[in-house]
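# Structure at a glance
This is what each chain is made of:
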Amino acid sequence: SPAMSRRVVRQSKFRHVFGQPVKADQMYEDIRVSKVTCDSSFCAVNPKFVAIIVESGGGGAFIVLPLAKTGRVDKNHPLVTGHTAPVLDIDWCPHNDNVIASASEDTTVMVWQIPDYVPVRNITEPVVTLEGHSKRVSIISWHPTARNVLLSAGCDNLVILWNVGTGEMLLALDDMHTDLIYNVGWNRNGSLLVTTCKDKKVRVIDPRKQQIIAEKTKPHDGTRPIRAIFVADGKIFTTGFSRMSERQLGLWDLNNFEEPIALQEMDTSNGVLLPFYDADSSIVYLCGKGDSSIRYFEITDEAPYVHYLNTYSSKEPQRGMGFMPKRGLDVSKCEIARFFKLHERKCEPIVMTVPRKSDLFQDDLYPDTPGPEPALEADEWLSGKDAEPILISLRDGYVPIKNRELKVVKKNILDSKPPPGPRRSHSTCDSDYFSPALEEVLEEIRALKETVQAQEKRISDLENKLGQFTNGTD
């Protein structure tokens, strides 16, 4: 607007952030991106892999590609195929780059271990299946700082917190939402949740006290879905629609939820705006499903608080979007964000850069950022402890860690429940009686598993070598 251009130019190192798609050979081609109608982002990325929900006959599947495996995807590339109905959301574990969770229309959540090498066959066996929802599960999100804590939200209006390490339900938040939950987000240390709901309320929840600590009815007057995320200092950023169906963004203070700090109209498109937030630069990127652009804003402490920076525009609409964690970026190129834009048949990385003349590490662009180490164990968090993320420096770039196995130790159900029926006496069927023999069997199974994995890797390597020799001739 003319008023905007008359204003004195604001000082900000992010004023000139610009977006650029990668070259054609750096895209991932020939992927049948899922056509499910659902406002999820359909794509999850980390420093090792890109995962994309794909079309699948009958069941539900997603594909996992090593980040470096660009170009055309082999039509026989293995999929992750354990669900019996479409997959609706996927999320990489922030503390283990080889672990991903998936939520499905089949009412389950599954957690998967992805090997560093490309397996020969589809991955069909999850490490653990989490069953507790009665309707489809459309949202999952890992706790940012506690190990193995995973949140799921379903169309049963239920939010469940799980300990993936034991397969147990930790908490169920069941009387809080009266209608469909649109989205759920953690704050930086994972002590609070923000949710949006079809009942037009934004709620801030303390999950361990199972209490709503703040709520706002109709932050946006329109009827279409609202989204909300935590930004710095515990403020909340929302996207929604005005009564005239214009898209809006809002910034709110928890301590004064009545009045917005900022409320801005944007345009009259009807796609829901997915917000992606980078705490290190205080930039929010807004990606509308079905839009062909990404708009980005800097959030600061001075009016108008949400400052428009720029728009990355392209010709093709986006069907979904992945957002790389900070530690997966190329600091030598002053990259401050990387998106993975889904088209109908491909995934296109888009790189956001701050132009700098120097080749040196730009420490003002890269404050220390959350690394892969959890700050708490699940039971510490559940008992009431909070901890900020453990930060790492990106000065020398980040090198992903070798595959660490997620171990699930199911609690012995016999320990907590008395045996059924009248018999209370200890018999020779005491669980201790079996344990040495059981241990041996388990050890043997473990050894066999390792052998099979080694053989799979060997077969895969040989197939690759053979492929180089035959070079496409059958």
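Rules and cut-offs
Residues numbered from 1 in each chain as written. Predicted model: local features only at pLDDT ≥ 70, side-chain atom pairs only at ≥ 80, totals over all residues. Heavy atoms only, no water. Helix = DSSP H or I, 4+ residues; strand = E, 2+ residues; numbered from the N terminus. UniProt positions renumbered as here; feature names shortened; annotations may be inferred. Pairing = 2+ DSSP bridges. Axes fitted to C-alpha atoms, helices over the stretch in contact; angles between N-to-C directions. Core = buried A, V, L, I, M, F, W, Y, C linked by side-chain atoms within 4.5 Å. Buried < 20%, exposed > 50% of the residue type's maximum accessible area, 1.4 Å probe, protein only. Contact = heavy atoms within 4.5 Å. Polar contact = N/O pair within 3.5 Å; in protein donor to acceptor, adjacent residues only side chain to side chain. 1 Å grid on protein atoms, 1.4 Å probe; cavity = no way out; pocket = protein on both sides within 12 Å on 5 of 7 lines; lining within 4 Å. Points joined across faces, edges and corners; volume = space filled by probe spheres on them. Nonpolar A, V, L, I, M, F, W, Y, C, P; charged D, E, K, R; others polar. Phe/Tyr/Trp six-rings, centres within 6.5 Å; stacked < 30°, edge-to-face > 60°. Salt bridge = Lys/Arg side-chain N within 4 Å of Asp/Glu carboxyl O.

## What to know about unusual backbone geometry
- Cis peptide bonds are those with omega within 30 degrees of zero, and the linkage from Ala303 to Pro304 qualifies with 0°.
- Although it is not a glycine, Cys334 sits at a positive phi angle of roughly 55°.
- Checked against the element boundaries, Cys334 lands in the loop between β28 (320-323) and β29 (335-342).

## Brief notes about the UniProt feature "repeat: WD" (unreviewed entry) in the protein chain
- Those places that UniProt annotates as "repeat: WD" (unreviewed entry) correspond, in this numbering, to residues 80-114, 130-172 and 174-215.
- Segment residues 80-114 splits into 0% helix and 63% strand. End C-alpha atoms: 9 Å apart.

## Let's talk about the sheet that holds strand β18 (residues 201-206)
- Read across the sheet, 4 strands follow the order β16-β17-β18-β19 without closing on themselves; strand pairing throughout is antiparallel. With partners counted over all chains shown, the strands left at the sheet margins are β16 (181-186) and β19 (211-217), one partner each. Direction aside, the axes of adjacent strands within the sheet are offset by 20° on average.

## Things to note about the nonpolar core
- In terms of nonpolar packing, the biggest core is built from 36 residues, with Ile31, Val50, Ile52, Phe62, Ile114 and Phe340 touching the most fellow members.
- For this core, the elements supplying multiple residues, two or more each, are β3 (43-45), β4 (49-54), β5 (60-66), β8 (87-92), β10 (108-113) and β29.
- If near-sequence neighbours (up to four positions away) are discounted, Phe340 is found in contact with Tyr28, Cys43, Val45, Val50, Leu67, Gly320, Met321, Gly322, Met324, Cys347, Glu348 and Pro349.
- With 25 residues, the next largest nonpolar core counts Val17, Phe276, Leu309 and Cys334 among its residues.

## Quick notes on the sheet that holds β3
- One open sheet accounts for 4 strands, arranged β3-β4-β5-β7; its pairing is antiparallel. Unpaired on one side and paired on the other, β3 and β7 (80-83) mark the two borders of the sheet. Across the sheet, the mean angle separating the axes of adjacent strands is 20° when strand polarity is ignored.

## A closer look at the side chain of Asp278
- Assignment of secondary structure puts Asp278 in strand β24 (residues 273-278).
- Within the local environment of Asp278, its side chain forms a polar contact with the backbone nitrogen of Asp280, the two atoms lying 3.1 Å apart.
- Reaching out from Asp278, the side chain makes a polar contact with the side chain of Ser281 at a distance of 2.6 Å.
- Contacts of Asp278, omitting those with residues within four sequence positions, involve Ile283, Phe323, Lys326 and Ile336.

## Quick notes on empty space enclosed by the protein
- As enumerated under the stated definition, the model contains 2 cavities of 30 Å³ or more in all.
- Of the pockets and cavities examined, the largest cavity occupies roughly 90 Å³.
- As for the largest cavity, its lining consists of 14 residues, and the residues nearest its centre are Val64, His77, Ile114, Pro119 and Ile123.
- Tallied by class, the residues present in the lining of the largest cavity amount to 12 nonpolar, 1 polar and 1 charged.
- There is about 60 Å³ of room inside the second largest cavity.

## Looking at the pairing of strand β26 (residues 293-299)
- The buried fraction of β26 is high, at 7 of 7 residues.
- Side chains Ser293, Arg295, Phe297 and Ile299 project from β26 onto one buried face, and the interleaved Ile294, Tyr296 and Glu298 project onto a second face that is buried too.
- Here 5 bridges tie strand β25 (residues 283-288) to β26, and the two strands are oriented antiparallel to one another. Looking at β26, one finds that Tyr285 is bridged to Tyr296.
- Connecting the antiparallel pair β25 and β26 is a turn made up of 4 residues, with Gly290 showing a positive phi of about 90°.
- Across 7 bridges, β26 lies against strand β27 (residues 306-313) in antiparallel orientation.

## Structural notes on the packing of aromatic side chains
- For the structure on display, the rule yields 13 aromatic pairs.
- Ring plane angle 75° and centroid distance 5.7 Å describe the contact between Phe276 and Phe339, whose orientation is recorded as edge-to-face. Taken together, the positions of Phe276 in strand β24 and Phe339 in strand β29 put the pair 63 residues apart, joining distant regions of the chain.
- We classify Phe339 as buried; its relative accessible area is 0%.
- Ring geometry for Phe361 and Tyr366: centres 5.7 Å apart, planes at 25°, overall stacked.

## Notes on the environment of Asp253
- Following the sequence through the fold, Asp253 ends up in the loop between β22 (247-252) and β23 (262-265).
- Given the relative accessible area of 26%, Asp253 is considered partly exposed.
- Once the C-alpha coordinates of Asp253 and Val109 are considered, the two residues, 144 residues apart in sequence, prove to be 33 Å apart.

## So, the pairing of β18
- Taken across its 6 residues, β18 has 5 buried, putting it largely inside the fold.
- Judged from the 4 bridges that link them, strand β17 (residues 193-197) and β18 form a sheet pairing that is antiparallel. When the sheet's bridge partners are listed, Val194 is paired in β18 with Val204.
- Connecting β17 to the next strand, β18, in antiparallel fashion are 3 residues, including Lys200 with a positive phi near 70°.

## Examining the pattern of salt bridges
- Enumeration over the complete set of coordinates arrives at 29 salt bridges.
- The residue Glu456 makes a salt bridge to Arg121 at a minimum N-O spacing of 2.5 Å. In this pair, Glu456 sits in helix α4 (residues 431-470) while Arg121 sits in the loop between β10 and β11 (128-131), placing the two residues 335 residues apart along the sequence.
- Ionic pairing is found between Lys385 and Glu380, a salt bridge with its closest N-O pair at 3.4 Å.
- Given a relative accessible area of 45%, Lys385 falls into the partly exposed group.
- What makes Glu380 partly exposed here is its relative accessible area of 26%.

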